[in-house]
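# Observations on the model geometry
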Amino acid sequence: MKKIWDTQNNEPLYAVNETALHHRILSKKRKGFHITNISEWLSVLVYGGTACFIFGVNFYKQSGNVWMYVLAAWMLGSALYTLVSRIRRIRGERQFDRTMNGDLAHAISVAAYQVRLSFLMRWNILPMGLLTVLSVLDNGKSVWVAVGVLVFFVISYYAGGWEHNIYKNRKHELEVLQNKLESC
């Protein structure tokens, strides 16, 4: 920002370097877009691959463990949901102008999508953990194995909350910037 002295009122006025601000907005937008792409593809590949693996192993072993089949279906559904959400997000990107305000609105939209995706993926840990624990118990494993699996999913749930808060804070920063620009 460049400081200009107003000689009439003897008050400092500020002018915004719009080019630098626009570059900063574009940088935040690219960062959010990059993280969102990685999150989406990682979710699709991990959930889809794991679902196929679980289904294949259970089918090959001719296992009667229904919980593993339900877990595979749940994970495949999660992968498909993420893929459909990605397609919708990409289609919706055409509605934003390529101006500073349009890029800021686009960055906020991507950040809001990332917050929603991380929220859903965090809560997705609960049914997957429950189904995994039920399948471990159904296989006749020790209760301690089930407790160990449960502890792993609890830690994953809390780590997901930490990640979710990072995305919420990034979105909030962009919204604060948008409010400041609208008030000027």
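In what follows, the structure referred to is the one given above.
My aim in this report is to walk through the structure given alongside it, one point at a time. Not measured: the values here are computed from a predicted model. (Residues numbered from 1 in each chain as written. Predicted model: local features only at pLDDT ≥ 70, side-chain atom pairs only at ≥ 80, totals over all residues. Heavy atoms only, no water.)

The next subject is the nonpolar core. One broad rule of soluble globular proteins: the nonpolar side chains tend to lie buried together. The biggest cluster of nonpolar side chains holds 20 residues, and the ones touching the most others in it are Y47, I54, L71, M75, M128, V149 and F153. The biggest single contributor to this core is helix α3 (residues 100–138), with eight residues. When residues no more than four places from it in sequence are discounted, the contact partners of M128 are Y47, L71, W74, M75 and F153. (Core = buried A, V, L, I, M, F, W, Y, C linked by side-chain atoms within 4.5 Å. Buried < 20%, exposed > 50% of the residue type's maximum accessible area, 1.4 Å probe, protein only. Helix = DSSP H or I, 4+ residues; strand = E, 2+ residues; numbered from the N terminus. Contact = heavy atoms within 4.5 Å.)

Before going further, it helps to examine α3. Across its 39 residues, α3 extends 57 Å between first and last C-alpha, which sits within 8% of the 57 Å expected from 1.5 Å per residue. Of the residues flanking the end of α3, it is G140, one or two places downstream, whose phi is positive at about 85°. (Expected span 1.5 Å × (residues − 1).)

Here the focus is the packing of helix α1 (residues 18–61) against α3. What describes two packed helices is the angle between their axes and the distance between those same axes. Where α1 meets α3, the axes come as close as 9 Å, and the angle between the chain directions of the two elements is 25°. Classified by the angle between their axes, α1 and α3 sit roughly parallel to one another. The handedness of the crossing between α1 and α3 comes out as left-handed. Tallied by class, the residues present in the contact of α1 with α3 amount to 14 nonpolar, eight polar and four charged. (Axes fitted to C-alpha atoms, helices over the stretch in contact; angles between N-to-C directions. Parallel < 35°, antiparallel > 145°, perpendicular 65-115°, else oblique. Left-handed = near helix turned anticlockwise from the far one by under 90°. Nonpolar A, V, L, I, M, F, W, Y, C, P; charged D, E, K, R; others polar.)

Let's shift gears to the pattern of salt bridges. Pairing is possible between side chains of opposite charge, provided their charged atoms come close. Under the counting rule described, the total for this entry stands at seven salt bridges. Across the pair K29 and D103 runs a salt bridge, and its minimum N-O distance is 3.0 Å. Of this pair, K29 sits in helix α1 while D103 sits in helix α3, placing them 74 residues apart in sequence. When salt bridges with common partners are traced through the structure, they connect E40, R86, R89 and E93 into a single cluster. (Salt bridge = Lys/Arg side-chain N within 4 Å of Asp/Glu carboxyl O.)

Helix length check: helix α4 (residues 143–183) (41 residues) gives 59 Å between terminal C-alpha atoms against 60 Å at 1.5 Å per residue, within 8%. The complete set of buried residues in α4 reads A146, V149, F153, Y157, G160, G161, H164, Y167 and L174. Where α4 is buried, its residues contact α1 and α3. Where α4 starts, the residue carrying a side-chain oxygen 3.1 Å from the main-chain nitrogen of W144 turns out to be S142. (Polar contact = N/O pair within 3.5 Å; in protein donor to acceptor, adjacent residues only side chain to side chain.)

Geometric descriptors of this kind do not, in isolation, establish any biological role.
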